[in-house]
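# Coordinates in review
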Amino acid sequence: MVSGMFARPFLWLLMLLAPAAARAAEPALPAGFSAVGELRIAGADGEPSWTDGGFGKLRAGGGADGDFRLKPRLTEGELIWQPRFGWALSGTIVAGAQRGQEHAVDLIEAFATWKPMPLGDTRLSVRAGLMWPPVSLEHQGAAWTVADMITPSAANSWIGEEVKVMGAEATVSRGTVSATAAIFGFNDTAGTLLAFRGWALHDLKATAFGHQRLPPLNAFLAGGVQAPATLPSVELDDRPGFYGKLAWRPAPAVALEAFYYDNRANPEAVSPALQWGWRTRFVDLGVRVQLAEHTRLLAQAMTGSTRMGYDEGYGIWVHTRFRAAYARLSQDAGRTTLSGRIDLFGTTDRGSETGPQESEEGWAATGAAAYRLSPHVQLLVEALRVDSRRGARLRLGLDPRQVQNQFQAALRLSI
Amino acid sequence: MLACASPAFAAEVSVEVRTQSGAPVRDAVVSLYPGGRPAPLPAGRRSYEIAQRNIQFSPFVQVVPVGSIVAFPNFDAVRHHVYSFSAAKRFELKLYAKEQNRTVLFDRPGAVPLGCNIHDNMSAFIKVTDTAFSAKTDANGRVSFAGVPPGMTVARVWHPYLRAPGNEVELRWTFGAGRAAEQVRVALRPPPPRAAAY
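Residues numbered from 1 in each chain as written. Chains lettered and ligands numbered in written order. Predicted model: local features only at pLDDT ≥ 70, side-chain atom pairs only at ≥ 80, totals over all residues.

### What about the overall build of chain A?
Cut-off, in case you're wondering: Put simply, DSSP H or I for four residues or longer makes a helix, DSSP E for two residues or longer makes a strand, and each gets a number counted from the N terminus. For a compact globule the rule gives 2.2 Å times the number of residues to the power 0.38, and the radius of gyration it is set against comes from C-alpha atoms. Whether two residues are in contact is decided by their C-beta atoms, placed from the backbone, lying within 7 Å.
The number of helices and strands found in chain A is 4 helices and 21 strands. Against the 2.2 N^0.38 benchmark of 22 Å for 415 residues, chain A shows a C-alpha radius of gyration of 21 Å, consistent with a compact globule. Considering only contacts in chain A between residues 6 or more positions apart, those separated by 24 or more positions represent 61%.

Take a look at the structure:
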């Protein structure tokens, strides 16, 4: 059933606005500024979204009885400022307004890039500041937008919500090989959401100052141990973490990547606000293949672990091993890009507070069509089904199995 | 096309470049060497242009004779930092927004891939040629030459994504006087995937 009294008029508004936006005169912002905005309508069935404090795995959730509910999500947008300081030095500052965030507007990324002219075949680039590590193959551009889809894979949803660092990163490229190394701080809580909620599929991005809500915790953890929301950008133990990446292009149409991350957080570190250090490590392998001129394949596989708390003789409080993989095929047909993606994900818990009975297994299938109305306007529709089984839900008297379907349509404007 | 020498019994040659599956290949540079030697370059136009417009080079492939001056006008509101590290020409140009007077002399034959240090997705190629019969194919994969001397001709077909050493294949054709039509089948690599813009 479709409820939400504004849903249908909103859909009509979207249809009416699309051609008008495409015809609009060349929009212009002051030099160095750009913006991305979305008008979106989203509908889903199943449980309320995790952003509303539940175990729902999507950004939208169903009605009170889990039936399909369609809702307009009027405005989301990001303003990007990329000043240049000379030929080699530039900055990227992104502020965004996303529904479901703690603050109406928050800082999303702020980093400087130094890219001197290549020395022959060798080139160097350095980034420093608040930024996402280069893990996702799905995101693009300064606004870190998912190309031709709305919802990123489970793996990159997690990168977007929890794995953002304050650090310095250097990349050296020579020929078909590039190597990246970075040290960072302010990412000691990475893993909190993943361990307590499990995997999710959504495009909500971590902000510099905002908290992300956690699902209901067990009595011990909720009883003055762990805050009910996690702050992704926080430094608790003054121990820097590191990440590294190797990328190789064995053929012009094939790109391979291997990435390793270790935040080296002290799992016993805790702030007065009850934010804990989560020792999180993971490895990610990625491949991008241009199968034909208009056909490309993206795939990533990730595995790692996160640990938090004390070991009181029964194992550390929370110890979650996690894994996720996806494969995505995209086909361009004129101004339309069709994409299909399959996600597989799971966690294995072995902590004293979150034991094996809390573990998770699941899969998701996503199909999307993106139609380019003009160089500045893209219309996207996306359907997603996620089917998972998570033991932690039993604690709340919920069926461990959860199936959700989500439909979204968005008008994406970029200037 | 760069020149039309007109010896008495010259051939008019049209060349069609297609992929193995029959799709026309645009921006393939076909160069003819009558008798295996470069046809002398005519005195004449020696200035060309590669524009920067909408954060991309235009055209994607530019054929210029050896000794040409190429201008790099910037029609964007942002700066571009154009460079090449090719064997045929190494240079870098700092182009301020709307500045139109930067030029480079291309004095050796070869392929010159262009990049912009600020915008990684910008890509273009200059093919510096030493023969008068050299031109690129149109959207239908066709190019034609007038005034080609009869007899054996070495033809080279180059494309940035052509699957061959140096991105080039060499063929031998023999022309009489009058019209001749040749078709070339080439294998192309898919274009390189767009770099993620971190």
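### A look at the pairing of strand β20 (residues 377-390) of chain A
Residues and elements named next belong to chain A. Heads up, the condition is: Between any two strands, at least two bridges found by DSSP are needed for them to pair.
In the sheet, strand β19 (residues 360-374) pairs with β20 via 14 bridges, with the strands oriented antiparallel. Bridge pairing in β20 places R372 opposite Q378. The turn linking β19 back onto β20 is made up of 2 residues. In terms of strand pairing, β20 meets strand β21 (residues 401-414) through 13 bridges, oriented antiparallel. If you follow V381 over to β21, its bridge partner there is A409.

### Thoughts on the sheet that holds strand β3 (residues 47-49) of chain B
All names here are of chain B. Rules: In this analysis an axis means a line fitted to C-alpha atoms, helices contributing only their contacting stretch, and an angle means the value between N-to-C directions, from 0 to 180 degrees.
One open sheet accounts for 3 strands, arranged β3-β7-β10; its pairing is mixed. Looking at which strands have only one partner, the edges of the open sheet turn out to be β3 and β10 (103-106). Sheet twist, expressed as the mean angle between neighbouring strand axes with direction ignored, is 30°. With 4 bridges joining them, strand β7 (residues 68-71) and β10 adopt antiparallel strand pairing. Opposite A71, over in β10, you have T103 as the bridge partner.

### Examining the sheet that holds strand β2 (residues 29-34) of chain B
All names here are of chain B. With antiparallel pairing, 4 strands are arranged side by side in an open sheet as β13-β2-β15-β16. One side of each edge strand has no neighbouring strand; the edge strands of this open sheet are β13 (133-136) and β16 (168-175). Between one strand axis and the next, the sheet turns by 20° as a mean value, whatever way the strands run.

### Brief notes about the nonpolar core
Inclusion rule: For this analysis, nonpolar core means a set of buried Ala, Val, Leu, Ile, Met, Phe, Trp, Tyr and Cys residues linked through C-beta atoms within 7 Å. Whether a residue is buried, exposed or partly exposed is read from the other C-beta atoms within 10 Å of its own C-beta, which are placed from the backbone; 20 or more gives buried, 12 or fewer gives exposed, and intermediate counts give partly exposed.
Among the nonpolar cores identified, the biggest contains 72 residues, and A154, A155, W158, W199, L201, A324 and L380 of chain A are the most heavily contacted of them. Beyond its immediate stretch of four places on either side in the chain, A324 of chain A contacts A154, A155, W199, M302, D343, L344 and F345 of chain A. Membership of the second largest hydrophobic core comes to 41 residues, among which are V29, V70, I126 and L162 of chain B.

### With respect to the interface of chain B and chain A
Inclusion rule: Under the scheme applied, nonpolar residues are Ala, Val, Leu, Ile, Met, Phe, Trp, Tyr, Cys and Pro; charged residues are Asp, Glu, Lys and Arg; polar residues are all the others, including Gly.
Each partner contributes residues to the interface: chain B has 17 residues there, and chain A has 21 residues. Sorting the residues of the side of chain B that touches chain A by element identifies β8 (80-85) and β9 (90-95) of chain B as the ones contributing at least two each. Of the residues in the side of chain B that touches chain A, the class split is 11 nonpolar, 2 polar and 4 charged.

### Things to note about the domain arrangement of chain B
Residues and elements named next belong to chain B. Applicable threshold: Start and end points for every domain follow an automatic or database-based domain assignment.
Split by domain assignment, chain B resolves into domain 1 (11-39 + 132-186) and domain 2 (47-129). Between the C-alpha centres of domain 1 and domain 2 the distance comes to 25 Å. Contacts between domain 1 and domain 2 engage 9 residues on the former and 7 residues on the latter. At the level of secondary structure, the elements contributing two or more residues to the side of domain 1 that touches domain 2 comprise β2 and β13. Tallied by class, residues from the side of domain 1 that touches domain 2 come to 4 nonpolar, 3 polar and 2 charged.

### Some thoughts on the confidence of the model for chain A
In low-pLDDT segments, the atomic positions of the prediction should not be examined closely. The following threshold applies: pLDDT expresses how confident the predictor is about each individual residue, on a scale running from 0 to 100.
Per-chain confidence: chain A averages 90 in pLDDT, with 93% of residues scoring 70 or above. Segment residues 1-6 of chain A is flagged for pLDDT under 50; beyond a separation of four residues in sequence, or across chains, it makes 11 contacts in the model.

### Overview of the confidence of the model for chain B
Residue and element names in this part refer to chain B. Averaged over every residue, the pLDDT of chain B is 89; the share at 70 or more is 91%. For chain B, the element scoring lowest by mean pLDDT is β9, at 91; β2 scores highest, at 97. In the predicted complex, the global pTM is 0.86; the interface-specific ipTM is 0.73.

### What about helix α2 (residues 154-162) of chain A?
Most of α2 of chain A is tucked away, with 9 of its 9 residues classed as buried. Along α2 of chain A, the positions that sit buried rather than exposed are A154, A155, N156, S157, W158, I159, G160, E161 and E162 of chain A.

### A short note on the pairing of strand β17 (residues 316-333) of chain A
All names here are of chain A. Here strand β16 (residues 295-311) pairs with β17 via 15 bridges, running antiparallel. Bridging across to β17, T306 finds its partner in T320. Hairpin connection between β16 and β17: a loop of 4 residues separates the two successive antiparallel strands, and G313 in this loop has a positive phi of roughly 100°. Here β17 pairs with strand β18 (residues 336-349) via 14 bridges, running antiparallel. Across the sheet, Q331 pairs through a bridge with L338, a residue of β18. The antiparallel pairing of β17 with β18 creates a hairpin that spans 2 residues between the two strands, and G334 there sits at a positive phi of about 65°.

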